[in-house]
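Next come the chains, spelled out residue by residue.
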Amino acid sequence: MDLSEKTVLITGIPAGPIDLANLQAERRLLGWTFSHYNHTKTIQMAMSHRFAELVGGTGVTVKVVYPGHGSTPMNRAMRVRSFPYVYRPIAPLVKPLAPIFMADLTKPARSGIRMATDPALEGVTGAYFGQDGRRRPWPSSVLDVRVRDRVWSLCEELSARTLGHLSH
Ligand SMILES: NC(=O)c1ccc[n+]([C@@H]2O[C@H](COP(=O)([O-])OP(=O)(O)OC[C@H]3O[C@@H](n4cnc5c(N)ncnc54)[C@H](OP(=O)(O)O)[C@@H]3O)[C@@H](O)[C@H]2O)c1
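Residues numbered from 1 in each chain as written. Predicted model: local features only at pLDDT ≥ 70, side-chain atom pairs only at ≥ 80, totals over all residues.

## A closer look at the pairing of strand S2 (residues 61-65)
Here comes step 1: Within S2, five of the five residues are buried, leaving the element largely enclosed by the surrounding structure.
Here comes step 2: Residues Thr61, Lys63 and Val65 of S2 are buried on one face, and the alternating residues Val62 and Val64, pointing to the opposite face, are buried as well.
Here comes step 3: Bridge analysis of strand S1 (residues 6-10) against S2 gives five bridges, and the strand direction is parallel. Within S2, the position partnered with Thr7 by the bridge is Val62.
Here comes step 4: For S2 and strand S3 (residues 127-129), the ladder comprises three bridges, and the chain directions are parallel. Looking at S3, one finds that Val64 is bridged to Tyr128. (Buried ≥ 20, exposed ≤ 12 C-beta atoms within 10 Å, placed from the backbone. Helix = DSSP H or I, 4+ residues; strand = E, 2+ residues; numbered from the N terminus. Pairing = 2+ DSSP bridges.)

Given below as structure tokens:
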């Protein structure tokens, strides 16, 4: 199996709006129940959807999967102020409990590994899967073609800038 032909993107909380005026966290408030982390992961879904469209028919496949939660260096490092506003009062309680109740990382790892290795999913592309490995509908924000256009063009702009720096 050639894993280089597969791209699996791991998303965060599945679903949510994409604010085109706030793609790089220009503004602080996104809403009471939605954090910049969740926003970024939803934007990443739009990018992946477009990526799948662009490489369709080339043999490269792109899937997005939601792993569920696990206690990892990333979320252990997450500060209370990174949580959506409504969850901030309980965040100090969640943070010490998460390493106890979410210590088993085999569960969240399972869905991503399956996406990359299950022969039954060979050739499946432009699809979004839940933690249980079942297909889920894309969030409506991702299905909006104007959103995908804007997200992809921003990716191109930022990549060009980064590659420009690297070539000097
Ligand atoms: N943990 C959760 O509850 C949860 C829930 C939903 C979604 N996710 C998503 O799952 C993914 C993995 O998160 P995690 O919780 O497993 O975090 P993690 O334990 O902190 O792992 C992050 C991984 O990314 C690598 N990495 C970071 N920056 C990189 C860079 N610039 N280039 C190459 N590799 C880089 C790190 O490599 P090194 O170890 O070498 O630094 C590490 O292996 C993320 O996309 C996250 O949003 C996690």
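## A short note on the site of the ligand
Here comes step 1: Close to the ligand lie Ile10, Gly12, Lys41, Pro67, His69, Gly70, Thr72, Pro73, Met74 and Asn75.
Here comes step 2: Considering each element in turn, the shell around the ligand owes the most residues, three residues, to helix H2 (residues 73-76).
Here comes step 3: Its residues assigned to classes, the shell around the ligand shows four nonpolar, five polar and one charged. (Near = placed C-beta within 6 Å. Nonpolar A, V, L, I, M, F, W, Y, C, P; charged D, E, K, R; others polar.)

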